[in-house]
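Below are the chains, spelled out letter by letter.
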Amino acid sequence: MDIEFNSIKELYDRLQPALNTKVTELKRNDLDYIKVEDIWNYLKITKWEKANNLLLYQMVDDILNLNNEEIDEYVKEEIRKKVIKPNLENMK
């Protein structure tokens with residue numbers, strides 16, 4: 001049975017339990033600054049945009065088996081971008 005989604009929000013809502021489970025795991029590993037949106041954005045950019053005909057179970061698997069170090073590095077880099085860019089603009 002194929003499940004089709006009418007919007008990204010509908011897909012996001014359907015993946016919410018898996019995303020929440022991953023965030024709980026990350027918190028247990030002292031990575032409590034990583035949010036659901038971080039996981040969503042990371043996988044959307046690095047894995048799902050390039051994929052064709054993704055199935056829901058594959059996306060859930062990607063979420064639950066996401067390497068903690070990879071998501072940690074991604075979030076830290078995003079934080080650096082947000083901190084450095086405003087500081088550079090203030091120097092102008």
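Residues numbered from 1 in each chain as written. Predicted model: local features only at pLDDT ≥ 70, side-chain atom pairs only at ≥ 80, totals over all residues. Heavy atoms only, no water.

Asks: How would you sum up the side chain of Asn-68? Please name residues and give values.
Replies: Topologically, Asn-68 is positioned in helix H4 (residues 68–91). Its relative accessible area of 18% is what places Asn-68 among the buried residues. For Asn-68, the side chain forms a polar contact with the side chain of Glu-25, separated by 3.2 Å. Residues within four places of Asn-68 in sequence aside, it is in contact with Lys-22, Glu-25, Leu-26, Asn-29 and Leu-31. (Helix = DSSP H or I, 4+ residues; strand = E, 2+ residues; numbered from the N terminus. Buried < 20%, exposed > 50% of the residue type's maximum accessible area, 1.4 Å probe, protein only. Polar contact = N/O pair within 3.5 Å; in protein donor to acceptor, adjacent residues only side chain to side chain. Contact = heavy atoms within 4.5 Å.)

Asks: Give a description of helix H2 (residues 36–48) that names residues and reports values.
Replies: All buried positions along H2 are accounted for by Val-36, Ile-39, Trp-40, Tyr-42, Leu-43 and Trp-48. When H2 is viewed along its axis, its buried side chains cluster within an angular range of 170° and face the same direction. (Arc of directions from axis to C-beta.)

Asks: Residue-level account of the packing of H2 against helix H3 (residues 56–64), with values.
Replies: Packed helix pairs are specified by the crossing angle of their axes together with the interaxial distance, meaning the distance between the axes. Close contact between H2 and H3 brings their axes to 11 Å; oriented N to C, the two are set at 115°. As for the relative orientation of H2 and H3, their crossing is right-handed in sense. For the pair H2 and H3, contact is made by Ile-39, Leu-43, Lys-47 and Trp-48 and by Met-59, Asp-62 and Ile-63, respectively. Residue composition of the contact of H2 with H3, by class: five nonpolar, no polar and two charged. (Axes fitted to C-alpha atoms, helices over the stretch in contact; angles between N-to-C directions. Left-handed = near helix turned anticlockwise from the far one by under 90°. Nonpolar A, V, L, I, M, F, W, Y, C, P; charged D, E, K, R; others polar.)

Asks: Tell me about the nonpolar core, and name the residues and values.
Replies: The biggest cluster of nonpolar side chains holds 21 residues, and the ones touching the most others in it are Leu-15, Leu-19, Ile-39, Ile-63 and Ile-71. Mapped by element, the contributors of at least two residues to this core are helix H1 (8–28), H2, H3 and H4. For this core, the element with the highest residue contribution is H1, accounting for seven residues. Setting aside anything within four residues of it in sequence, one finds Leu-19 in contact with Tyr-12, Val-36, Ile-39, Trp-40 and Ile-63. (Core = buried A, V, L, I, M, F, W, Y, C linked by side-chain atoms within 4.5 Å.)

Asks: Talk me through unusual backbone geometry; I want residue IDs and the actual numbers.
Replies: Of note, the phi angle at Asp-30 is positive, near 65°, even though the residue is not glycine. Inspection of the secondary structure puts Asp-30 in the loop between H1 and H2. With relative accessibility at 64%, the residue Asp-30 sits in the exposed group. Phi at Asn-53 is positive, roughly 55°, even though this residue is not glycine. Locating Asn-53 in the fold gives a position in the loop between H2 and H3.

Asks: Give me the packing of H1 against H2: which residues, what numbers.
Replies: Orientation of H1 relative to H2, taken along the N-to-C sense of each, is 115°, at an axis distance of 9 Å. Taken together, H1 and H2 sit at an angle that is classed as roughly perpendicular. Between H1 and H2 lies a crossing of right-handed hand. Residues Ile-8, Leu-11, Tyr-12, Leu-15, Gln-16, Leu-19, Asn-20, Lys-22, Val-23 and Leu-26 of H1 form the contact with H2, whose own contacting residues are Val-36, Glu-37, Ile-39, Trp-40 and Trp-48. Tallied by class, residues from the contact of H1 with H2 come to eleven nonpolar, two polar and two charged. (Parallel < 35°, antiparallel > 145°, perpendicular 65-115°, else oblique.)

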